[in-house]
Amino acid sequence: MKHAHRFDLPKGHIEAGESEVQCALREMWEETGVSQDQVKLDPVFRYEELYYPIEPRFGSERVEKTLVIFIGWVDQTDAIQVTEHAGHEWKRWSPPHTIQKHTINPLLAAVDVHFSKYPPV
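**Examining helix α1 (residues 20–32)**
(1) Moving on: With 13 residues, α1 ought to run about 18 Å at 1.5 Å a step, and its terminal C-alpha atoms sit 18 Å apart, in line with that.
(2) Moving on: Close packing links the buried residues of α1 with β1 (39–41).

**A closer look at the packing of aromatic side chains**
(1) Moving on: Within this structure, the stated rule accounts for 2 aromatic pairs.
(2) Moving on: Between W93 and F115 the ring centres are 5.5 Å apart and the planes differ by 70 degrees, which places this aromatic pair in the edge-to-face class. Residue W93 is found in the loop between β4 (72–74) and α2 (104–117), and its partner F115 is found in helix α2; the two are separated by 22 residues along the sequence.
(3) Moving on: Ring pairing ties together the aromatic residues W73, W93 and F115, which thus form one cluster.

**Observations concerning unusual backbone geometry**
(1) Moving on: For the bond running from P95 to P96, omega is 0 degrees, close enough to zero to count as cis.
(2) Moving on: Counting through the fold element by element, P96 comes out in the loop between β4 and α2.

**Overview of the pattern of salt bridges**
(1) Moving on: Evaluation of the coordinates by the stated rule reveals 12 salt bridges.
(2) Moving on: Among the charged side chains, a network of salt bridges with common partners joins E15, E18, R26, E27 and E30.

**Looking at the environment of V111**
(1) Moving on: Topologically, V111 is positioned in helix α2.
(2) Moving on: Taking the C-alpha atoms as reference points, V111 and A79, separated by 32 residues in sequence, lie 25 Å from one another.
(3) Moving on: Leave out the neighbours within four places in its chain, and V111 touches F45, I71 and W93.

**Some points on the nonpolar core**
(1) Moving on: Counting residues in each nonpolar core, the largest one holds 8 residues, listed as F45, Y47, L67, I69, I71, L107, V111 and F115.
(2) Moving on: For this core, the secondary structure elements donating two or more residues are β3 (65–69) and α2.
(3) Moving on: Top contributing element to this core by residue count: α2, with 3 residues.
(4) Moving on: One finds M28, V34, V39 and I80 within the second-largest nonpolar core, a separate group that totals 5 residues.

**Quick look at the environment of H85**
(1) Moving on: Checked against the element boundaries, H85 lands in the loop between β4 and α2.
(2) Moving on: Look at H85 and you get buried, because its relative accessible area is 14%.
(3) Moving on: Sequence separation between H85 and S35 is 50 residues, and the spatial gap between their C-alpha atoms is 18 Å.
(4) Moving on: Not counting chain neighbours up to four residues away, the residues in contact with H85 comprise M1, K2, H3, D8 and E31.

Criteria and thresholds
Residues numbered from 1 in each chain as written. Predicted model: local features only at pLDDT ≥ 70, side-chain atom pairs only at ≥ 80, totals over all residues. Heavy atoms only, no water. Helix = DSSP H or I, 4+ residues; strand = E, 2+ residues; numbered from the N terminus. Expected span 1.5 Å × (residues − 1). Contact = heavy atoms within 4.5 Å. Phe/Tyr/Trp six-rings, centres within 6.5 Å; stacked < 30°, edge-to-face > 60°. Salt bridge = Lys/Arg side-chain N within 4 Å of Asp/Glu carboxyl O. Core = buried A, V, L, I, M, F, W, Y, C linked by side-chain atoms within 4.5 Å. Buried < 20%, exposed > 50% of the residue type's maximum accessible area, 1.4 Å probe, protein only.

Below you can see the structure in the form of structure tokens.
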């Protein structure tokens, strides 16, 4: 997903009673219009990263956030329906990637290692 000056991934907060996977699929649908029925999740991959952004709603304090990302395949989709971002861009899988230093690049490096152990079918 594209913001004005950076790329981002669909993500959000877990709602009460929701699993990490359910949250990821819901957020993907809310932010892109891609439904969980259109996605085949990788049964093994799970990426986690802790980070400490300054949250304006908490003043100037840094807060701890945990990012959890899963990967999956979309065979076919209607047009992406961007709801919270400036746009989107599909990226060709061609490691190593230099998209965003602090989140996306380390995630894609972990995906590359994962694919070397569990090649996509």
